[in-house]
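# A structural walkthrough
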Amino acid sequence: MQNPKFIEIDNLYYSGLIVVNYYREQTDILLKTLIETNINMNISIFYEKQNSYKTIKDLTYHIGNVGVELKDKNQNREDIDIAAFTYNDAKYIRKEIQVNNEDIYLLYIYINIYAEDINKLEYYLNKVEGITQSKGMQTRRANFRQEELFLTCLPIMENNEEIKDAAKRNILSSGLLATYPFISSTIFDEDGIFIGTNIYNNSLVFIDRYNKKYKNANMCIFGTSGAGKSFYTKLLILRYKLLGIKQYIIDPEREYNNLCENLKGVQIKIGPNSETYINILEIRKESLEEGESGYLATKIGKLIGFFNLIFGELDEEEKALIEEKLIKTYKIKNIDFDDDSLFNKIKINNKIKKEFKSAKQMPLLEDLYNVLGDDEKTKKFKTKLIPFVKGSMKFFNEYTNIELNNDLIVADIYDLGEENLKYGMYLFTDIFWDKIKENRHEKKAIYLDEIWRLIGVTSNKEVAAFIYKIFKTIRKYGGSGVAITQDISDIFSLENGTYGRSILNNSSIKTFFALEEENIKILSEFANLTEKEKVEIKSLKRGECLMFVGDDHILTKIESSELEKNILEGEKQNEKNNNSYEQ
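Note that the structure is predicted; figures quoted are calculated from it, not measured.

## What about the overall build of the protein?
Within the protein, the secondary structure is distributed over 20 helices and 19 strands. Computed over C-alpha atoms, the radius of gyration of the protein comes to 34 Å, more than 25% over the 25 Å expected from 2.2 N^0.38 for 583 residues, which places it beyond the range of a compact globule. For the C-alpha atoms alone, the extent of the protein along its principal axes is close to 110 × 65 × 55 Å. Counted over contacts in the protein with a minimum sequence separation of 6, partners at least 24 positions apart contribute 74%. Approximately 29,900 Å² of the protein is accessible, and the part contributed by carbon and sulfur atoms is 47%.

## Some details on the sheet that holds strand S7 (residues 193–198)
Paired through their backbone hydrogen bonds, the strands of a sheet run either parallel or antiparallel. Ordered by their spatial adjacency, 11 strands build an open sheet running S8-S7-S19-S18-S17-S9-S16-S15-S10-S14-S11, and the pairing between neighbours is mixed. Two strands in the sheet have a free side with no partner beyond their single neighbour: strand S8 (204–207) and strand S11 (266–269). For this sheet, the mean angle separating the axes of adjacent strands, direction not counted, is 25 degrees. Here five bridges tie strand S10 (residues 246–251) to strand S15 (residues 444–449), and the two strands are oriented parallel to one another. Directly across from Ile 250, in S15, lies its bridge partner Leu 448. Where helix H13 (residues 421–436) meets the sheet, it contacts S10, S11, strand S14 (408–412) and S15, and its direction lies at approximately 175 degrees from that of S10.

## Details of unusual backbone geometry
The phi dihedral of Asn 101 falls on the positive side, at around 55 degrees, and the residue is not glycine. Checked against the element boundaries, Asn 101 lands in the loop between helix H3 (77–99) and strand S4 (104–115). For Asn 101, a relative accessible area of 65% translates into the label exposed. For Asn 496, which is not glycine, the phi dihedral falls at a positive 60 degrees. In this fold, Asn 496 is placed in the loop between helix H16 (488–491) and helix H17 (498–505).

## Points about the pattern of salt bridges
Throughout the structure, instances matching the rule amount to 36 salt bridges. For Arg 453, the salt bridge identified is with Glu 253, shortest N-O distance 3.7 Å. Here Arg 453, found in helix H14 (residues 452–455), pairs with Glu 253, found in the loop between S10 and helix H8 (257–262); they are 200 residues apart in sequence, far enough to count as distant. Taking the relative accessible area as the measure of exposure, Arg 453 reaches 6% and is therefore buried. Among the residues examined, Glu 253 registers a relative accessible area of 32% and is labelled partly exposed. We note a salt bridge from Lys 354 to Asp 340, for which the minimum N-O separation is 2.9 Å. Here the residue Lys 354 occupies a position in strand S13 (residues 351–356), and Asp 340 occupies one in the loop between helix H10 (316–332) and strand S12 (343–348), the gap between them amounting to 14 residues.

## Quick notes on the nonpolar core
Of all hydrophobic cores here, the largest spans 132 residues; its most connected members are Phe 307, Leu 385, Phe 396, Phe 428, Ile 467 and Leu 523. Residues contacting Phe 396, with those up to four places away along its chain left out, are Ile 278, Phe 306, Leu 365, Phe 388, Leu 416, Tyr 423, Gly 424 and Leu 427.

## Brief notes about the packing of aromatic side chains
One pass over the structure, following the stated rule, counts 27 aromatic pairs. By way of ring pairs, the aromatic residues Phe 306, Phe 307, Phe 311, Phe 381, Phe 388, Phe 395, Phe 396, Tyr 423, Tyr 426 and Phe 466 are connected into one cluster. Taking the ring centre of Phe 343 as reference, the NZ or CZ of Lys 354 above it sits at 5.0 Å. The positively charged end of Lys 382 is found above the aromatic ring belonging to Tyr 369, 4.9 Å away from the centroid.

## With respect to the packing of helix H9 (residues 295–311) against H10
Contact pair H9 / H10: the axes reach a minimum separation of 10 Å and the direction vectors enclose 125 degrees. Here H9 lies oblique to H10, going by the angle between them. Handedness of the H9/H10 crossing: right-handed. Of the residues in H10, those in contact with Leu 296, Lys 299, Ile 300, Leu 303, Ile 304, Phe 307, Asn 308 and Phe 311 of H9 are Lys 319, Ile 322, Glu 323, Leu 326, Ile 327 and Tyr 330. When its residues are assigned to classes, the contact of H9 with H10 shows 10 nonpolar, one polar and three charged.

## A look at the pairing of strand S2 (residues 12–22)
Within S2, nine of the 11 residues are buried, which leaves the element mostly enclosed by the surrounding structure. Both strand S1 (residues 7–9) and S2 contribute to a ladder of three bridges, which runs antiparallel. Across the sheet, residue Ile 7 finds its bridge partner in S2, namely Tyr 14. Here S1 folds back onto S2, and the loop between the two strands holds two residues, one of which, Asp 10, carries a positive phi near 50 degrees. With five bridges joining them, S2 and strand S5 (residues 137–141) adopt antiparallel strand pairing. Bridging from a neighbouring strand, Tyr 22 pairs with Met 137 of S5.

## Examining the environment of Leu 421
As for its placement among the helices and strands, Leu 421 is situated in helix H13. What Leu 421 contacts, discounting residues up to four positions off in sequence, is Pro 252, Ile 413, Tyr 414, Leu 416 and Arg 453.

## Observations concerning helix H4 (residues 118–134)
Over its 17 residues, H4 extends 24 Å from the first C-alpha to the last, a length consistent with the 24 Å expected when each residue adds 1.5 Å. The set of residues buried in H4 consists of Leu 121, Tyr 124, Leu 125, Val 128, Ile 131 and Thr 132. Along the long axis of H4, the arc covered by the buried residues comes to 130 degrees, so they all point the same way. Among the exposed residues of H4, those pointing more than 90 degrees away from its buried face are Asn 119, Gln 133 and Ser 134. On the buried face of H4, the contacting elements are S2, helix H1 (32–35), strand S3 (41–49), S4 and S5. Regarding H4, its N-cap is Asp 117, as a side-chain oxygen of that residue lies 3.1 Å from the backbone nitrogen of Asn 119 further along.

The rules behind each value
- Residues numbered from 1 in each chain as written.
- Predicted model: local features only at pLDDT ≥ 70, side-chain atom pairs only at ≥ 80, totals over all residues.
- Heavy atoms only, no water.
- Helix = DSSP H or I, 4+ residues; strand = E, 2+ residues; numbered from the N terminus.
- Rg over C-alpha atoms; globule rule 2.2 N^0.38 Å.
- Contact = heavy atoms within 4.5 Å.
- Areas by Shrake-Rupley, 256 points an atom, 1.4 Å probe, with all protein chains shown as cover.
- Pairing = 2+ DSSP bridges.
- Axes fitted to C-alpha atoms, helices over the stretch in contact; angles between N-to-C directions.
- Buried < 20%, exposed > 50% of the residue type's maximum accessible area, 1.4 Å probe, protein only.
- Salt bridge = Lys/Arg side-chain N within 4 Å of Asp/Glu carboxyl O.
- Core = buried A, V, L, I, M, F, W, Y, C linked by side-chain atoms within 4.5 Å.
- Phe/Tyr/Trp six-rings, centres within 6.5 Å; stacked < 30°, edge-to-face > 60°.
- Lys NZ or Arg CZ within 6 Å of the ring centre and 35° of its normal.
- Parallel < 35°, antiparallel > 145°, perpendicular 65-115°, else oblique.
- Left-handed = near helix turned anticlockwise from the far one by under 90°.
- Nonpolar A, V, L, I, M, F, W, Y, C, P; charged D, E, K, R; others polar.
- Expected span 1.5 Å × (residues − 1).
- Arc of directions from axis to C-beta.
- Polar contact = N/O pair within 3.5 Å; in protein donor to acceptor, adjacent residues only side chain to side chain.

As structure tokens, this is what we get:
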């Protein structure tokens, strides 16, 4: 049995539409809405350039004839209006060709829709007809000509003569812009990892944040609690681990334990009950690249930021005093501004070999504590160091006893408590930054969860400037900085949002999960959000996000396999199963 409304090929039903007319004036891209749907369709567009000389000749003849008709008073009102339209259009086209050097083309657009059953095909046809009508395009179903339209939509450049006349419409070269078809909001980087699907058209989203087409590999991940940002971050870590990329995570909320264990990473805990220590005063060999100089000067610059967190905002005189005492503290360990002082000279087989000083040859906070107590001007700072030397946080006053040789390192600082998390975050940011600089040719990433603690109002300018420096320069070391937070107001609270804005602007990939209206309002002051995007962010469901990738803005649904879910949420899933079993 044959049906004029569709054809069947390989268990799929095909039916076509011919675009037969358009609005006289178009200000938008005609096919954008169609292309961004998830309807199965093929669209074929043909342009045929016409002879401008012949066109001008025909138009001049037409203008003359219609001009005579318009003078004839015997025609009815409707005929006069139609004739006036064609007369003005003809004059306009002739002027554009003659004066503005436009070319004239014949335009043909065909749409072939397919589905697995006839009812769905009919639904798609009705939906496409509604979309085309809303965009000012009039369509006609290709009944009795389905085979011809199917062939026309194959990549064989065949514009079938039997349907050409119905689709033929003239258009100037400037008008061709409205038919530009390559506008689908999709991202497919060749070496990228799978992120998810485009919410509008189900196209796959693959992003390679290390691709040189992006100005840097940095990311911002913002979203309210429960929106899906933590799951997305862990998914990124999992997929980049499979690519062998070194990743360092600062974990203030103890969210990455299960992931670290499953991926055979190293977890470092510091806190009152921890047996792992990091000495904040230790100078590490990798803190400078080969060929660079200034170990002590670089370290003192970082320590000023750290002591700003402990002592409060230091003025210039106080900074100078602290620097003086730091120089004296290092001098006790025979370390000065001469980089050779950081090396031990060992004689092996009558040859002198230089070896970087060990962890136990570095000063401790207690050494600085004692030096501060020798001067009346700095005794107040000694008092503030008591918790870190003799009190509840004396684990900061220990020699470093860890090695950082794994591709995945998670710094668990949860046990520090809410008030002291910023010290641990700064400590690990410093040590991870040195690891980032170790080898320019390796890809690596540092994840700063709850970054507001380092660049928000509870921090200070020196620390925030250090974090900004990481995001600004990490690209040249083959690295990627990832800023994660749910507290939008806090990251823009220091120095009128200067540092928050700088980190946002220095991130080529921005991911916004669902946010509260107040946070959206704050974000819109620092990010280039349209009114439509503000509404979209507010209405996003869990696991959905608005992504800014370079110049592309795309609504994405994060996708993962069951295996990935088990790895990332195994513990939570087991807890849920146990709870449901008990009930």
